[in-house]
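Structural overview for review
Residues per chain are reported as follows:
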Amino acid sequence: MANWRKLAGLVVPARCAAVVKADAYGLGAGEVGPALAAAGCTTFFVAHLDEAIALRAVLPQGEIAVLNGLMPGCAADYCEHRLLPVLNDLASVAAWRQAGGGPAILHVDTGMARLGLSAAEVERAAADPALLAGVPFAYAMSHLACADEPGHPLNPAQRDAFREALARLRIAAPASFANSSGIFLGRDYHFDLARPGVALYGGNPIPGRPNPMRPVVRLDGRILQVRGVDPGTPVGYGAAHITGTPARLATVAVGYADGFMRHLSGRAQGYVGDTPVPLVGRVSMDLAIFDVSAAPAAVPGGFVELLGPHQDVDALAAAAGTIGYEVLTSLGHRYHRRYLPA
Ligand SMILES: *Cc1c(COP(=O)(O)O)cnc(C)c1O
């Protein structure tokens, strides 16, 4: 995977993990995990214990960490599958110690109020080292809230807070901080282990600047029917679009049940060859209609490019008013998927 190698190269001498939560951002962790391992990745992060157990089945080697942390009664599963729980509070640290667990990751919240030890917990643990004693921490981590905004003052504030917490807690374990965008904030943010996700899958980690990552996903929708219509023809549910001129319309087998969001209605376009073809009317569950008047090559059985060289994940996301992460993780399970060698 060229994108992982690129990011790993950028963070040297730090190491580079891979975040493969949410089924590798919708692309298939069962395929992506082993491909990344073949590229040299040895540390993987998922969100859920179930995701970790499934990943362990295809990745017998390597570290697999579970971001959502330890749930009551699950310590034995972590041990059985050799998983690293991310311990997000002092109670979890105590529970893991109690369960006789092995290596784990300590997560410190440095400014997003989401997961990890709060400032008050860091305070308590600094005052009472017994609270963290007895757990062999493989890593300490924290997570950036605004890494995609390089000028945001929270970035250096979080970095400094993380450094201070590591010092106060006297944690000697390697530290992990940067997500995809964090890697591009510079050396100061790399610490010992980077944790990119979206950039591995072709999302732009530096919004507003040219995307340094290689595109990973291509999505084509199959054309089921093409029809010529007169001006004044209502198109799709709610008659939300009325043709203004004679038009050729292509009905394509993609809909919101496939993660082709309804909110794209009237805002997105696809491509037939190099020709942009506007999406017209509402996206329905299984179907979407494109005006292919300008694209004589659009014929039944052919395809409309939805993601590909003419439209990347971030561009389609912008049309839907969302981010590339949501477009990827929404990709449906009805697509015929083909994985090409990297
Ligand atoms: C999702 C996630 C990442 C990866 O973030 P990207 O922006 O996709 O690179 C890293 N760390 C944590 C804690 C996460 O939740």
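That block above? That's the structure.
Let me begin by describing the structure that accompanies this report. All values reported here derive from a predicted model rather than from experimental measurement.

Topic: the site of the ligand
In the region of the ligand, 14 residues are neighbours, and Lys-21, Tyr-25, Ser-180, Gly-197 and Tyr-325 sit closest. Contact between the ligand and Val-198: an oxygen atom at 2.8 Å from a main-chain N or O atom of the residue. Coverage of the ligand by the protein amounts to 93% of the 390 Å² it exposes when considered alone. For the shell around the ligand, the per-class residue count stands at 7 nonpolar, 4 polar and 3 charged.

Structural notes on the state of the cysteines
For the structure shown, the criterion picks out 0 disulfides. Free cysteine Cys-41: the closest other cysteine sulfur is in Cys-16, separated by 6.6 Å. Unpaired in terms of disulfides, Cys-74 finds its nearest cysteine sulfur in Cys-79, a separation of 11 Å. A relative accessible area of 17% places Cys-74 in the buried class.

Considering the nonpolar core
Residues Trp-4, Val-20, Leu-36, Phe-260 and Phe-290 are the most contacted members of the largest nonpolar core, which totals 108 residues. Not counting the four nearest positions on each side in its chain, Phe-260 is found in contact with Val-254, Gly-255, Leu-279, Val-283, Ala-288, Phe-290, Leu-306 and Leu-316. If you look at the next biggest cluster of nonpolar residues, it comprises 6 residues, including Val-235, Ala-247, Leu-249 and Ile-289.

Thresholds applied
- Residues numbered from 1 in each chain as written.
- Predicted model: local features only at pLDDT ≥ 70, side-chain atom pairs only at ≥ 80, totals over all residues.
- Heavy atoms only, no water.
- Near = heavy atom within 4 Å.
- Polar contact = N/O pair within 3.5 Å; in protein donor to acceptor, adjacent residues only side chain to side chain.
- Areas by Shrake-Rupley, 256 points an atom, 1.4 Å probe, with all protein chains shown as cover.
- Nonpolar A, V, L, I, M, F, W, Y, C, P; charged D, E, K, R; others polar.
- Disulfide = S-S within 2.5 Å.
- Buried < 20%, exposed > 50% of the residue type's maximum accessible area, 1.4 Å probe, protein only.
- Core = buried A, V, L, I, M, F, W, Y, C linked by side-chain atoms within 4.5 Å.
- Contact = heavy atoms within 4.5 Å.

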